[in-house]
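# Residue-level structural notes
The residues making up each chain are set out below.
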Amino acid sequence: MTHNVKEIFAGEAPPAPAALAAKVRTLAPSMTRSMQRVAEAVAGDPAGCAALTVTGLAELTGTSEATVVRTARLLGYPGYRDLRLALAGLAAQQQSGRAPAVTADIAVDDPIADVVAKLAYDEQQTLADTAAGLDTVQLGAAVTALAAARRIDIYGVGASGLVAQDLAQKLLRIGLIAHPHSDAHLAVTNAVQLRAKDVAIAITHSGSTGDVIEPLRVAFERGATTVAITGRPDGPVTQYADHILTTSTARESELRPAAMSSRTSQLLVVDCLFVGVAQRTYETAAPALSASYEALAHRHSPRGRMR
């Protein structure tokens, strides 16, 4: 099964005005340079662009009317008219008293208080963008598959490997059989054993990490339900994903590599999956959580640590 960006967003309702900037940040890497210019213009100056005709916006960005229309459709709008309405709504929201955005760029000589403020803003923006762009239909389908799974394998390397471990640990605590894999050989060896009713989850911000794609492909071919958590909905990993959960990320800088912000958005998606599964399996999940807390309680007491 092959996916492309148009297929991923086909059938969705147009994004709300507040979600437009998040959509631009998520999809910009997969756009042509001319489409990026249009997307950056509408996200950067919604009020100004809302006042332009399709010809005016094409002239402003040095592109063509066809490029403007294609960009509008890629962003989830049926046509340019719908995009203009969303831009007008976004402009109205921005003029209603919202605080101006702060820059997240961190300089080498920034005071530590500024670093804290900039990182906090960046994390908040990343989470808001991920929440705005997350497809809840796809999320619900993934939750359904996980809740009924015989076994769950989770693939991730580097920072994404830490997220894979976090999800596996959460699922184990509510009684599900979940295994995180950061070694490609071991991941493929385990993927070969997967069958229908099993679930395989690949976590890769770039969508092109070979050590994650290979085991997901094997799991897909074996009939397991497959899920991709990725910042690139058009990336190679989505070829083998039944369900795609798109994450957002803040702009990378010298002192803040992409792995930091991508991990933040991945952890939000992981928490959404976990809570959704816990809700679906509450009758068994709640006792399992209580049992795990009780089993570890002595390790958190002064007396327990002295033994």
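Structural data are supplied above this passage.
Throughout what follows, the structure given in this document is the object of discussion.

Rules used throughout
Residues numbered from 1 in each chain as written. Predicted model: local features only at pLDDT ≥ 70, side-chain atom pairs only at ≥ 80, totals over all residues. Heavy atoms only, no water. Helix = DSSP H or I, 4+ residues; strand = E, 2+ residues; numbered from the N terminus. Buried < 20%, exposed > 50% of the residue type's maximum accessible area, 1.4 Å probe, protein only. Contact = heavy atoms within 4.5 Å. Pairing = 2+ DSSP bridges. Right-handed = clockwise from strand over helix to strand, strands pointing away. Salt bridge = Lys/Arg side-chain N within 4 Å of Asp/Glu carboxyl O. Core = buried A, V, L, I, M, F, W, Y, C linked by side-chain atoms within 4.5 Å. Arc of directions from axis to C-beta. Axes fitted to C-alpha atoms, helices over the stretch in contact; angles between N-to-C directions. Parallel < 35°, antiparallel > 145°, perpendicular 65-115°, else oblique. Nonpolar A, V, L, I, M, F, W, Y, C, P; charged D, E, K, R; others polar.

In this section: the overall build of the protein. Along the protein, the regular secondary structure elements total 15 helices and five strands. Looking at the 307 residues of the protein, the share that counts as buried comes to 44%.

Let us look at the environment of His243. Looking at the element boundaries, His243 is found in strand β5 (residues 243–246). Residue His243 is classed as buried on the basis of its relative accessible area, which comes to 16%. Measuring from C-alpha to C-alpha, the distance between His243 and Gln138 comes to 5.7 Å, with 105 residues separating the pair along the chain. Excluding its chain neighbours within four sequence positions, the residues that come into contact with His243 are Gln138, Ala141, Ala142, Thr225, Thr226, Val227 and Ala228.

This next bit is on the pairing of strand β2 (residues 178–181). Taken together, the four bridges between strand β1 (residues 152–155) and β2 define a ladder with parallel strand orientation. In the strand pairing of β2, Ile152 is matched with Ala178. Traced from β1 through helix α10 (residues 159–173) to β2, the parallel crossover comes out right-handed.

Inspection of every chain in the model, using the stated rule, returns seven salt bridges. Residue Asp153 pairs with Arg151 through a salt bridge whose shortest N-O separation is 3.3 Å. When sorted by exposure, Asp153 lands in the same class as Arg151, which is buried.

Structurally, the position occupied by Val277 is in helix α13 (residues 258–280). Put simply, Val277 and Gly140 are 137 residues apart on the chain and 9.3 Å apart in space, counted from C-alpha to C-alpha.

This next bit is on the nonpolar core. In this structure, Ile152, Ile154, Leu171, Ile201 and Leu273 are the most contacted members of the largest nonpolar core, which totals 30 residues. When contributions to this core are tallied by element, the ones reaching two or more residues are α9 (136–147), β1, α10, β3 (199–203), β4 (225–230) and α13. The element best represented in this core is α13, accounting for six residues. Those residues in contact with Ile154, other than ones at most four positions away along the chain, are Ala164, Leu167, Ala168, Leu171, His179, Pro180, His181, Ile201 and Ile203. If you look at the next biggest cluster of nonpolar residues, it comprises 23 residues, including Met35, Ala39, Ala50 and Tyr77.

Now for unusual backbone geometry. Although it is not a glycine, Lys197 sits at a positive phi angle of roughly 80 degrees. With respect to the helices and strands, the residue Lys197 is situated in the loop between α11 (184–191) and β3. On the accessibility criterion, Lys197 (63% relative accessible area) is exposed.

Once that is clear, we can look at α11. Among the residues of α11, Ala184, Ala187, Val188, Asn190 and Ala191 are the ones counted as buried. Projected down its long axis, α11 shows its buried positions confined to an angular sector of 165 degrees, all on one face. Away from its buried face, by an angle of more than 90 degrees, α11 presents the exposed residues His185 and Thr189. Buried-residue contacts for α11 involve β1, β2 and α12 (210–221).

As a further point, take the packing of helix α5 (residues 54–61) against helix α6 (residues 65–74). One way to put it is that α5 packs onto α6 with a least axis distance of 8 Å and a crossing angle of 100 degrees. Classified by the angle their axes make, α5 and α6 are roughly perpendicular. Side by side, α5 and α6 meet where Val54, Thr55, Leu57 and Ala58 of the first sit next to Glu65, Val68 and Val69 of the second. Of the residues belonging to the contact of α5 with α6, the class tally is five nonpolar, one polar and one charged.

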